[in-house]
Amino acid sequence: MANTIIMDHPLIRHKIDYIRRKDVGAKDFRTIVGEIASLMCYEATRDLPLRDVEIETPICKMTAKELSGKKLAIVPILRAGLGMVDGMLNMIPAAKVGHIGLYRDPQTLEPVEYYCKLPPDCEERQVFVVDPMLATGGSSCAALKMLKDKGVKNIRFMCILAAPVGVKKMTEEHPDVDLYIGALDEKLNDHAYIVPGLGDAGDRIFGTK
Ligand code: PRP
Ligand code: URA
């Protein structure tokens, strides 16, 4: 059974609650989503394995540490997931980036797939799927299925806000995937928007409406 980790860092909470405000414009929203992604990346990578390596400082030889284990990949769910990519890359610049295109049909609320391009060796990598919002869980569950159908096994999912129903769906359908959640909100409204939430993440990142 995988873990569900809800961030408890005050900087993350402060930044999330700042961007919930409806008068925060696209430029600030985008910048702060990137900062939240960097901080969450720090938390979601804290158990990556290290190996010993012999190096020489200007003073002496020493046994240093460097990251070992699987190479990393970041896979944003388009569009809103794009807002988290640069923040992640700031922390793990050697990661490759794949893209999954999905949108939630406004009538049926079902995810509709329109794009998938992954690094060629993605199935050997530790993959971080990123999307700011986990609402019904339809989009993220579909994205994880697309990845698994292509042979990807090591997946962690990161979102800024989640609703309890989406967390339940993800843990039931993908019990092997660790969830890293910035803040767990109360519920969904009648349009399946997260309450209190922050509105439509894609529109707020890209200034569309
Ligand atoms: C948003 C969000 C998630 C999805 C979450 O994307 O970025 O991908 O909704 O909702 P769910 O958990 O109920 O599936 P949206 O469909 O608005 O597309 P966009 O990112 O292109 O704006
Ligand atoms: N997608 C969003 O962008 N916001 C929500 O609250 C739910 C789904």
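Refer to the structure presented above.
Residues numbered from 1 in each chain as written. Chains lettered and ligands numbered in written order. Predicted model: local features only at pLDDT ≥ 70, side-chain atom pairs only at ≥ 80, totals over all residues. Heavy atoms only, no water.

A. Just the nonpolar core, in detail. Grouped together as the largest cluster of nonpolar side chains are 35 residues, with contacts concentrated most on Ile36, Met40, Met88, Ile92, Met158, Ile160 and Leu161. Looking at this core, the elements with two or more residues in it are α1 (10-20), α2 (26-44), β4 (72-78), β8 (126-130), β10 (154-162), β11 (178-184) and α6 (201-206). When residues of this core are assigned to their parent elements, the largest contribution, 8 residues, is made by α2. Other than its neighbours up to four places away in sequence, isoleucine 160 contacts Ile16, Val33, Ile36, Met40, Met84, Asp131, Pro132, Ile181, Gly182 and Ala183. Counting 26 residues, the second-largest nonpolar core is a separate cluster that includes Val75, Ile100, Met146 and Val167. (Core = buried A, V, L, I, M, F, W, Y, C linked by side-chain atoms within 4.5 Å. Buried < 20%, exposed > 50% of the residue type's maximum accessible area, 1.4 Å probe, protein only. Helix = DSSP H or I, 4+ residues; strand = E, 2+ residues; numbered from the N terminus. Contact = heavy atoms within 4.5 Å.)

B. The side chain of serine 140, seen in detail. Here serine 140 is to be found in helix α4 (residues 138-149). A relative accessible area of 2% means that serine 140 is categorised as buried. With residues up to four places along the chain from it excluded, the contact list for serine 140 reads Ile77, Leu134, Phe157 and Met170.

C. Structural view of the site of ligand 2. Every residue close to ligand 2 is listed here: Arg104, Met133, Ala135, Ala192, Tyr193, Ile194, Gly199, Asp200 and Ala201. One of the backbone N or O atoms of glycine 199 is found 2.8 Å from a nitrogen atom in ligand 2. In this structure, alanine 201 approaches ligand 2 through a main-chain N or O atom, which is 2.8 Å from an oxygen atom. Here ligand 2, which alone exposes 230 Å², has 88% of that area covered by the protein. For the shell around ligand 2, the per-class residue count stands at 6 nonpolar, 1 polar and 2 charged. (Near = heavy atom within 4 Å. Polar contact = N/O pair within 3.5 Å; in protein donor to acceptor, adjacent residues only side chain to side chain. Areas by Shrake-Rupley, 256 points an atom, 1.4 Å probe, with all protein chains shown as cover. Nonpolar A, V, L, I, M, F, W, Y, C, P; charged D, E, K, R; others polar.)

D. Just the packing of aromatic side chains, in detail. Applying the stated rule across the entire model yields 1 aromatic pair. Ring geometry for tyrosine 103 versus tyrosine 114: centroids 6.1 Å apart, planes at 40°, classification tilted. Placement of the pair is tyrosine 103 in strand β6 (residues 99-104) and tyrosine 114 in strand β7 (residues 111-117), with a sequence separation of 11 residues. On the accessibility criterion, tyrosine 114 (43% relative accessible area) is partly exposed. Of note, arginine 104 hangs over the ring of tyrosine 193, and the distance from its end group to the ring centre comes to 5.5 Å. (Phe/Tyr/Trp six-rings, centres within 6.5 Å; stacked < 30°, edge-to-face > 60°. Lys NZ or Arg CZ within 6 Å of the ring centre and 35° of its normal.)

E. Structural view of the pairing of β4. Counting buried residues along β4, 7 of its 7 residues qualify, which places the element largely inside the surrounding structure. Side-chain alternation along β4 places Leu72, Ile74, Pro76 and Leu78 on one buried face and Ala73, Val75 and Ile77 on a second face that is also buried. Judged from the 5 bridges that link them, β4 and β8 form a sheet pairing that is parallel. By the bridge assignment, isoleucine 74 is partnered in β8 with phenylalanine 128. Here β4 runs beside strand β5 (residues 96-97); their pairing, made up of 2 bridges, is parallel. Bridge pairing links isoleucine 74 to valine 97 in β5. Crossover β4 to β5 through helix α3 (residues 85-91) is right-handed. When β4 meets β6, the two strands line up parallel, connected through 2 bridges. Its bridge partner lying in β6, isoleucine 77 is registered against isoleucine 100. (Pairing = 2+ DSSP bridges. Right-handed = clockwise from strand over helix to strand, strands pointing away.)

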